[in-house]
Amino acid sequence: MSLLFFVDCSTEKDKRLNKFHHNTTAYYNGYFNAREIIKASDKEYNLSVQEDFTELIPVNRYPNEEESKAFFPEMNRSIDKTSTVISKHAMPNVKKGRDAKEEYGKWMDENWLVMGVSFFYKREYEPAIEKFEYIIKMYPKDESKYYAKLWLAKSYIEMKDFSQALTYLKEIEVEKEAKENKEVKQKKTEERRKKYKKRSKKRVNRRSSIKRTKKRDEAREEKSELVDFPEKMSADYFATLADFHLRRNELNESVEFLDSAIHYEKKKRLRVRYNFIQAQLQQELGNLALASEKYSYVIKKSASYQMVFYSKINRALVASSIDRGRLKEELLDLAKDEKYIEFRDQIFYALADIELQEYNKEQGIDYLEKSAASSPSNPKQKDKTFK
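Residues numbered from 1 in each chain as written. Predicted model: local features only at pLDDT ≥ 70, side-chain atom pairs only at ≥ 80, totals over all residues. Heavy atoms only, no water.

A. Looking closely at the overall build of the protein chain. Across its full length, the protein chain holds 17 helices and zero strands. Looking at the protein chain as a whole, 44% of its 387 residues are labelled buried. Partitioning the intrachain contacts of the protein chain with sequence separation of at least 6 by distance along the chain shows that 63% fall at a separation of at least 24. Accessible surface for the protein chain amounts to roughly 22300 Å². Of this, 51% is attributable to carbon and sulfur atoms. (Helix = DSSP H or I, 4+ residues; strand = E, 2+ residues; numbered from the N terminus. Buried < 20%, exposed > 50% of the residue type's maximum accessible area, 1.4 Å probe, protein only. Contact = heavy atoms within 4.5 Å. Areas by Shrake-Rupley, 256 points an atom, 1.4 Å probe, with all protein chains shown as cover.)

B. Main features of the nonpolar core. Grouped together as the largest cluster of nonpolar side chains are 92 residues, with contacts concentrated most on Tyr-121, Tyr-237, Leu-331 and Ile-347. Sequence-distant contacts of Leu-331, that is, excluding residues within four places in its chain, are made with Lys-312, Ile-313, Ala-316, Ile-347, Ala-350, Leu-351 and Ile-354. (Core = buried A, V, L, I, M, F, W, Y, C linked by side-chain atoms within 4.5 Å.)

C. Inspection of the packing of aromatic side chains at higher detail. A complete count under the given rule lists 29 aromatic pairs for this structure. Relative to Tyr-264, the ring of Phe-238 lies with its centre 5.7 Å away and its plane at 10 degrees, an arrangement referred to as stacked. Remark: Tyr-264 occurs in helix H10 (residues 251-264) and Phe-238 occurs in helix H9 (residues 234-247); sequence separation between them is 26 residues. A relative accessible area of 35% means that Tyr-264 is categorised as partly exposed. With a centroid separation of 5.5 Å and 25 degrees between ring planes, the pair formed by Phe-309 and Tyr-340 is classed as stacked. Of this pair, Phe-309 sits in helix H13 (residues 305-317) while Tyr-340 sits in the loop between helix H14 (324-336) and helix H15 (344-357), and the two are 31 residues apart along the sequence. Phe-309 sits in the buried class, given a relative accessible area of 0%. It is Lys-122 that lies over the ring of Phe-72; its NZ or CZ is 4.9 Å from the centre. Over the aromatic face of Trp-151 sits the side chain of Lys-154, whose NZ or CZ is 4.8 Å from the ring centroid. (Phe/Tyr/Trp six-rings, centres within 6.5 Å; stacked < 30°, edge-to-face > 60°. Lys NZ or Arg CZ within 6 Å of the ring centre and 35° of its normal.)

D. Region of the structure containing the packing of helix H4 (residues 108-121) against helix H6 (residues 144-158). Contact geometry for H4 and H6: axes closest at 10 Å, N-to-C directions at 10 degrees. With respect to H6, the element H4 is oriented roughly parallel. Of the residues in H6, those in contact with Asp-109, Leu-113, Val-117, Phe-120 and Tyr-121 of H4 are Ser-144, Tyr-147, Ala-148, Trp-151, Lys-154, Ser-155 and Glu-158. Partitioned by chemical class, the residues of the contact of H4 with H6 number seven nonpolar, two polar and three charged. (Axes fitted to C-alpha atoms, helices over the stretch in contact; angles between N-to-C directions. Parallel < 35°, antiparallel > 145°, perpendicular 65-115°, else oblique. Nonpolar A, V, L, I, M, F, W, Y, C, P; charged D, E, K, R; others polar.)

E. Just the confidence of the model for the protein chain, in detail. Averaged over all residues, the pLDDT of the protein chain equals 83, while 74% of them reach at least 70. Overall, residues 10-14 carries pLDDT values under 50, and its contacts beyond four positions in sequence, including any with other chains, amount to 20 contacts. pLDDT under 50 marks residues 219-223. Its contacts with residues more than four places away, or in other chains, come to five contacts. (pLDDT = per-residue confidence, 0-100.)

Structural data, given as structure tokens:
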């Protein structure tokens, strides 16, 4: 019985039972479990990391050299799971000759992708890049190549090789547009065929002609390596473009791509984060009304209490003369709130800034003294207060 099962589940035969066994194992034992390990590790990291909201926060937040060490045990588990699946369940197992790019089973490209992402979180970019490039080479007709190119761009961004990162981001854009243009062209061709079908009187000859043309198009499509862009990747793609431009200090471009990322992003936490970054960028660019609008959005959407706090502080700092009275009252209420006691140095500094803008020098100095007397919530704040 065991011999029969072994034969039936050979990785060299393209049969239904073989596919079912190897596909199921490849999905659950490899891809699914490894993906969940990465998601859990990333969530834990994002909950534990302390961000400096007095500086421009990054769009994509990944562990630095020191932080990545905490990822090693779980990422190694993920790598072990995917490598075991690839070695035991690829179909055919031996990739050579005419079978060099053949794959009967599903989920192999996804296993390679998750393995590459695991190396990425360990900041081992060389093996990560190797896995992503392998996907592009071996699975040119699968949407996983888009994900591979995106993670290649992320890897090169983290390595500060921006020219190489831009190459892959452009490749995604070019292929995405080429596929969309092809679909538009095919739609127009189909519409012309329908019109011709109505006008033509020689129905029999016409049908055979249309059939032959359709078969030719299908044959061309089969050979084509243009693949539909996965819509679920849109938010991450535009966020990565925004991250790329932000790291190059191209602020206007970053704002523009964040708009697209917000449009496609389904997670509230990330939508709020992207709006906060846009607010910071607009403040940096001197577009104070737009910055105030974005900070108000973050406050309304109840982000983390620290992000809400800094949104209130920054909104007060960019406030127009009309809004200053109301915002001063809001800041004074924050100073009384025990929840924000650790931030009183920054609250009093913001109040001092408003008073000095209104030429209330005595009141401004009083608030600066209170800021200096408060325990610093951020080492940089003390320096700002004494400037």
